[in-house]
Amino acid sequence: MQDAQAPAFQLGPAFQVMEPAKIVSVIAWVMFVFWALYTLIAAYHWVRYGQNSSVAIPAIITHIIVSLSLALFAVSGFAP
Amino acid sequence: MEEFKLEPGEHVIRSVRKHWFVFFAQLLPFALLALLPLLIPGFLGGLAASAPAAEASFAALSLANEWARLLLGAWWLFLWMFAFNTFTQYYLNRWVITGTRIVYIYQYGFFSREVSSFLLVRVQDVTTETHGLFATLLGYGNLVVQTASENSQHFRMTGIPHPSELRDIIMKQVADLHDDGKANDSNQTVRDVINGIL
């Protein structure tokens, strides 16, 4: 019975007035922080445990290039 | 080498990783998951034919929509990171066979790593396993090495190329170490290496 009296769910006012550019900015920052942490950790493992392999640096560079390309694709629709 | 250092007189005979097919098989789910969003517009297009009222909503999910591109790009970026993680694990996992020992390096994940080293003179049994069509055709399988120490241990590496060839190399090295004819020459070197390791 109490459920019937409960108010309908609504987004908070902050979400209702938020501009798409700000939402994209927040999402992009979250993605970048997660990606940067991952890249640092992966690069550390490659350099530390890669046994001075010639594959280590090209692998890290490839990872960065592909990641940045995908990130650019993701935000390309919002370009000014 | 960071995990272990070669002793004087010790040399690397073979270093092996998993077979390339095993690696690509591990990447396959990521490729399928990456393609999945591209199939959604076609699927929704079929639904739109039966529900014209929803056609405008479905059309918004095309790549022309900036939000769809944002989600798709983020999805692909996450998949790429997981796939790169798979490659990192593939490359850092390996077996190193030297003239006196086998070093087993296994990267479970970031900050989780196991390095085992056991002497060839303690090897008691080497077993190869090949199961399945692809493994038989492409020549990969498992290698199990059992040590003869008090706490007998099994070391298993799965999906390595040409396991029989590797087994023969290991058994040849073990035989050389036990060979009386070479005892005078090699045992001193082996003893020095073993003393250095122990």
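Use the structure listed above.
Quick summary incoming for the structure in this document. (Residues numbered from 1 in each chain as written. Chains lettered and ligands numbered in written order. Predicted model: local features only at pLDDT ≥ 70, side-chain atom pairs only at ≥ 80, totals over all residues.)

Some thoughts on the sheet that holds strand 3 (residues 101-109) of chain B
Residue and element names in this part refer to chain B.
Then, number 1: If you trace the four strands from one edge of the open sheet to the other, you get 1-2-3-4, paired in antiparallel fashion. What marks the edges here is a single partner per strand, and that holds for strand 1 (12-16) and strand 4 (112-119). Strand-to-strand twist of the sheet, defined as the mean angle between neighbouring strand axes without regard to direction, takes the value 10°.
Then, number 2: For strand 1 and strand 2 (residues 94-98), the ladder comprises four bridges, and the chain directions are antiparallel. The residue bridging V16 from the neighbouring strand is W95, located in strand 2.
Then, number 3: The strands touched by helix 5 (residues 163-178) are strand 1 and strand 2; relative to strand 1, the strand with the most contacts, the crossing angle is about 155°. (Pairing = 2+ DSSP bridges. Helix = DSSP H or I, 4+ residues; strand = E, 2+ residues; numbered from the N terminus. Axes fitted to C-alpha atoms, helices over the stretch in contact; angles between N-to-C directions. Contact = placed C-beta atoms within 7 Å.)

Brief notes about the nonpolar core
Then, number 1: Within the largest apolar cluster, 13 residues are counted, with the highest numbers of intra-cluster contacts made by B:V123, B:L143, B:V145, B:I160 and B:I170.
Then, number 2: Sorting the residues of this core by element identifies strand 2, strand 5 (123-129), strand 6 (140-147), strand 7 (154-161) and helix 5 of chain B as the ones contributing at least two each.
Then, number 3: In terms of residues, this core owes the most to one element, strand 6 of chain B, which gives three residues.
Then, number 4: Residues in contact with B:L143, not counting those within four places in the same chain, are B:T128, B:M157, B:I160, B:P163, B:L166 and B:R167.
Then, number 5: With ten residues, the next largest nonpolar core counts A:W35, A:L70, B:L77 and B:F84 among its residues. (Core = buried A, V, L, I, M, F, W, Y, C linked by C-beta atoms within 7 Å. Buried ≥ 20, exposed ≤ 12 C-beta atoms within 10 Å, placed from the backbone.)

Focus: the interface of chain A and chain B
Then, number 1: Facing the 24 residues of chain A at the interface are 16 residues of chain B.
Then, number 2: Secondary structure elements with two or more residues in the side of chain A that touches chain B: helix 3 (20-49) and helix 4 (56-75) of chain A.
Then, number 3: Ranked by residues supplied to the side of chain A that touches chain B, first place goes to helix 3 of chain A with eleven residues.

Quick notes on the sheet that holds strand 6 of chain B
Strand pairing in a sheet takes place through backbone hydrogen bonds and is either antiparallel or parallel in direction.
All names here are of chain B.
Then, number 1: As summarised here, the arrangement of the three strands in space is 5-6-7, forming an open sheet in which the pairing is antiparallel. One side of each edge strand has no neighbouring strand; the edge strands of this open sheet are strand 5 and strand 7. Across the sheet, the axes of successive neighbouring strands diverge by a mean angle of 20°, strand direction being ignored.
Then, number 2: The sheet contact formed by strand 5 and strand 6 spans six bridges and is antiparallel. Each bridged residue has a counterpart across the sheet, and for T127 the counterpart in strand 6 is V144.

A closer look at the pairing of strand 6 of chain B
All names here are of chain B.
Then, number 1: The pairing of strand 6 with strand 7 spans six bridges and is classified as antiparallel. Note that in strand 7 the partner of Y140 across the bridge is P161.
Then, number 2: Linking two consecutive strands that pair antiparallel, namely strand 6 and strand 7, is a turn of six residues.

Focus on unusual backbone geometry
Residues other than glycine predominantly adopt negative phi, and peptide bonds predominantly adopt the trans conformation.
All names here are of chain B.
Then, number 1: Look at F111: it is not a glycine, yet its phi comes out positive at around 65°.
Then, number 2: Mapped onto the secondary structure, F111 falls in the loop between strand 3 and strand 4.
Then, number 3: Look at H162: it is not a glycine, yet its phi comes out positive at around 50°.
Then, number 4: With respect to the element layout, H162 can be found in the loop between strand 7 and helix 5.
Then, number 5: Taking the C-beta count within 10 Å as the criterion, H162 has 17 such neighbours and is therefore assigned partly exposed.

What to know about the packing of helix 3 of chain A against helix 3 (residues 66-92) of chain B
Then, number 1: Here helix 3 of chain A crosses helix 3 of chain B at 10°, and the two axes come no closer than 11 Å. Relative to helix 3 of chain B, helix 3 of chain A is oriented roughly parallel. The residues of helix 3 of chain B that touch helix 3 of chain A, namely those facing A:V24, A:I27, A:M31, A:W35, A:Y38, A:A42, A:H45, A:W46 and A:Y49, are B:L70, B:A74, B:L77, B:M81, B:F84, B:T88 and B:L92.
Then, number 2: The residue inventory of the contact of helix 3 of chain A with helix 3 of chain B, partitioned by class, reads 14 nonpolar, two polar and no charged. (Parallel < 35°, antiparallel > 145°, perpendicular 65-115°, else oblique. Nonpolar A, V, L, I, M, F, W, Y, C, P; charged D, E, K, R; others polar.)

Quick word on helix 4 of chain A
Then, number 1: Over its 20 residues, helix 4 of chain A extends 29 Å from the first C-alpha to the last, a length consistent with the 28 Å expected when each residue adds 1.5 Å.
Then, number 2: Every buried residue belonging to helix 4 of chain A is among A:A56, A:H63, A:S67, A:L70 and A:A74, and all of these are buried. Summarising the axial view, the buried residues of helix 4 of chain A lie within an arc of 70°, below the 170-degree limit, and thus occupy one face. With respect to the buried face of helix 4 of chain A, the exposed residues turned more than 90 degrees away are A:P58, A:I61, A:I65, A:L68 and A:L72.
Then, number 3: Next to the buried residues of helix 4 of chain A lie helix 3 of chain A together with helix 3 of chain B. (Expected span 1.5 Å × (residues − 1). Arc of directions from axis to C-beta.)

Focus: the environment of B:L138
Residue and element names in this part refer to chain B.
Then, number 1: Along the chain, L138 falls in helix 4 (residues 133-138).
Then, number 2: Sequence separation between L138 and H11 is 127 residues, and the spatial gap between their C-alpha atoms is 29 Å.
Then, number 3: Ignoring sequence-local partners within four residues, the contact set of L138 consists of H19 and F21.

Without other data, these values stay purely geometric and don't point to any function.
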